[in-house]
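# Architecture and fold: a report
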Amino acid sequence: MAKNIQAIRGMNDCLPSQTGVWQFVEANIRQVVANYGYQEIRTPIVESTDLFKRSIGEVTDIVEKEMYTFEDRNGDSLTLRPEGTACCVRAGNEHGLLYNQQQRLWYMGPMFRHERPQKGRYRQFHQFGAEAYGFVGPDIDVEMILIGARLWKAFGISDKVELQINSLGSAEARAAYKEVLVAFLQQHHDSLDEDSQRRLISNPLRVLDSKNPAVQEIVKDAPKLIDHLDEESKQHFSLLCERLDDLGIQYTVNTRLVRGLDYYNRTVFEWVTDLLGAQGTICAGGRYDGLVEQLGGKASPAVGFAMGLERLVLLVESLENQNVAINPVDVYLMTIGEQAEAKASSLSEQIRNAAPTLKVQQHCGGGNFKKQMKKALGSGASLAIIVGDEELANNTMTLKFLTQDKAQSSLDISALASLTSMI
Ligand code: ATP
Ligand code: MG
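Residues numbered from 1 in each chain as written. Chains lettered and ligands numbered in written order. Predicted model: local features only at pLDDT ≥ 70, side-chain atom pairs only at ≥ 80, totals over all residues. Heavy atoms only, no water.

The name an unreviewed UniProt entry gives the chain is Histidine--tRNA ligase, with Brumicola blandensis as the organism. The UniProt entry for the chain carries this comment under Subunit (unreviewed entry): "Homodimer." (UniProt positions renumbered as here; feature names shortened; annotations may be inferred.)

Right under this line is the structure:
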């Protein structure tokens, strides 16, 4: 036998038994973004490598070691998108969507990062993200958080996730703080791990969110960015907190939350859960007021977030009594005898025409009554419709209810629309 070809490590198939929960998640997302008046944007999966280098930052995990970058046949350096924000800004600038305008956008689709695959961390994964342009906040920052909160409610996971917020201040305030932080970390240089020693030079703020307990112990006493904010950012942040309090949205201020990407400023936030082990962040975002201009557009304030759908699906699946499993059909059409079998497709079409909301599966491949009934039961349908010579002659169909305690009955073809209310 030929050797099986397997999927790429860290890139998963989504099998029919899993698509039910994915569709449930996606449908709720579409509903909620519509609730808030956001418009969908779809951008290519491949972009110029420069886009990500210039936006995410050269000394970030993503750009340093996680991107799928390759040369195409023209010798251009292309990259499979590792995230959606840069793509959104690129498209917005290119098509004039962000020029002196306000926009509320959302996207959903696959992202690619060459990471070590583990639970909740994959090489192809999916994000839903929302981005708003032209609003200085903090009202819009609050809206971003409310979208998350409404989704958690729809998924029944509100009590499983916690909101953490912080402010990174302005670029200038952050630069000043960096010096204070570096001076502090230098004093503990030899106790830092190799990764943090490297970051101390390249991207010192990232030392703050090191996962290494020894480093965390040192960082506990480090000067806090939130104590070094510029006046306007301070006000922005206290207004944000006030509004969240008014709305009854619970949060904790995590002064070590810095986010891994270069482009953030002021408000940053994460929604985290402790039910998924180390991969506990299901949604992360913040303001990025400098990025639009940095990528060549006219300056525009911006804020957004991205949600990891695999982690969300894992979380939804981990809860009991979630009725989101498989998607069974409603009706299974069986035919008895050659004449009826020849008409099976046409009969199924008549049912679909008359009752368009029903999922109708036609038995294919022949076989006796017993074999067909076994398939009908296996399909999950609540109704089997049986057509034989007699039904054909009378223009009727026989209804056999598979999940309800109802007697077998006969339905005139002209009354097929009434099937909708029977199921
Ligand atoms: P992490 O700290 O877990 O690596 P990140 O800061 O790199 O996350 P972001 O770039 O902010 O993540 O992406 C937003 C969200 O996308 C994350 O909170 C997470 O839910 C999801 N995500 C990021 N990387 C992956 C991945 N490799 N596999 C699955 N989901 C991911
Ligand atoms: Mg990461």
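As a further point, take the overall build of the chain. For the chain, the helix and strand inventory stands at 16 helices and 16 strands. Compactness check: the chain gives a C-alpha radius of gyration of 28 Å against a globular reference of 22 Å for 423 residues, more than 25% above the reference. By principal-axis analysis of the C-alpha atoms, the chain measures approximately 90 × 60 × 45 Å. With 423 residues in all, the chain has 50% of them scored as buried. Relative to all contacts within the chain whose residues are 6 or more apart in sequence, the contacts with residues 24 or more apart total 69%. Put simply, the chain shows about 21300 Å² of open surface, and 47% of that area lies on carbon and sulfur atoms. (Helix = DSSP H or I, 4+ residues; strand = E, 2+ residues; numbered from the N terminus. Rg over C-alpha atoms; globule rule 2.2 N^0.38 Å. Buried < 20%, exposed > 50% of the residue type's maximum accessible area, 1.4 Å probe, protein only. Contact = heavy atoms within 4.5 Å. Areas by Shrake-Rupley, 256 points an atom, 1.4 Å probe, with all protein chains shown as cover.)

Our next topic: the sheet that holds strand 6 (residues 124-133). Spatial ordering of the open sheet is given by 1-5-6-11-10-9-7-8, a layout of eight strands whose pairing is mixed. With partners counted over all chains shown, the strands left at the sheet margins are strand 1 (39-40) and strand 8 (252-253), one partner each. In the sheet, strand 7 (residues 162-167) pairs with strand 8 via two bridges, with the strands oriented parallel. Bridged to Gln164 within strand 8 is Thr252. Across the sheet, helix 1 (residues 16-35) is in contact with strand 1, strand 5 (103-112) and strand 6; its angle to strand 5 comes to roughly 160°. Here helix 9 (residues 231-247) sits on the sheet and contacts strand 7, strand 8, strand 9 (265-272) and strand 10 (281-287); the angle it forms with strand 7, its principal contact strand, is near 160°. (Pairing = 2+ DSSP bridges. Axes fitted to C-alpha atoms, helices over the stretch in contact; angles between N-to-C directions.)

Right, let's talk about the site of ligand 1 for a bit. In the vicinity of ligand 1 lie 14 residues, with Arg113, Glu115, Arg121, Arg259 and Thr281 positioned nearest. Within the side chain of Arg259, one N or O atom sits 2.3 Å away from an oxygen atom of ligand 1. Gly308 is positioned such that a nitrogen or oxygen atom in its backbone is 3.4 Å from an oxygen atom of ligand 1. Protein coverage of the free-state accessible area of ligand 1, which is 580 Å², stands at 87%. Mapped onto the shell around ligand 1, the elements with two or more residues apiece are strand 6, strand 10 and strand 11 (302-308). Looking at which element gives the most residues to the shell around ligand 1, the answer is strand 10, with three residues. (Near = heavy atom within 4 Å. Polar contact = N/O pair within 3.5 Å; in protein donor to acceptor, adjacent residues only side chain to side chain.)

Once that is clear, we can look at the UniProt feature "binding site: L-histidine" (unreviewed entry) in the chain. In the UniProt entry, the feature "binding site: L-histidine" (unreviewed entry) is given for Glu83, Gly84, Thr85, Arg113, Gln127, Glu131, Arg259, Tyr263 and Tyr264. Along the chain, Glu83 falls in the loop between strand 4 (77-80) and helix 4 (85-94). Filtering out sequence-adjacent residues up to four positions away, Glu83 remains in contact with Phe52, Ile56, Met111, Arg113, Gln127, Leu261 and Tyr263. Among the polar contacts listed, one links the side chain of Glu83 to the backbone nitrogen of Ala86, at a separation of 2.9 Å. Position of Thr85 among the secondary structure elements: in helix 4. A residue is classified by how much of its surface remains accessible, and Thr85, at 6% relative accessible area, is buried. What Thr85 contacts, discounting residues up to four positions off in sequence, is Tyr107, Glu131, Tyr133, Tyr263, Tyr288 and Leu291.

So, on to the state of the cysteines. Going through the model one piece at a time under the given rule, you end up with zero disulfides. Unpaired in this structure, Cys87 has its nearest cysteine sulfur neighbour in Cys88, at a distance of 7.8 Å. (Disulfide = S-S within 2.5 Å.)

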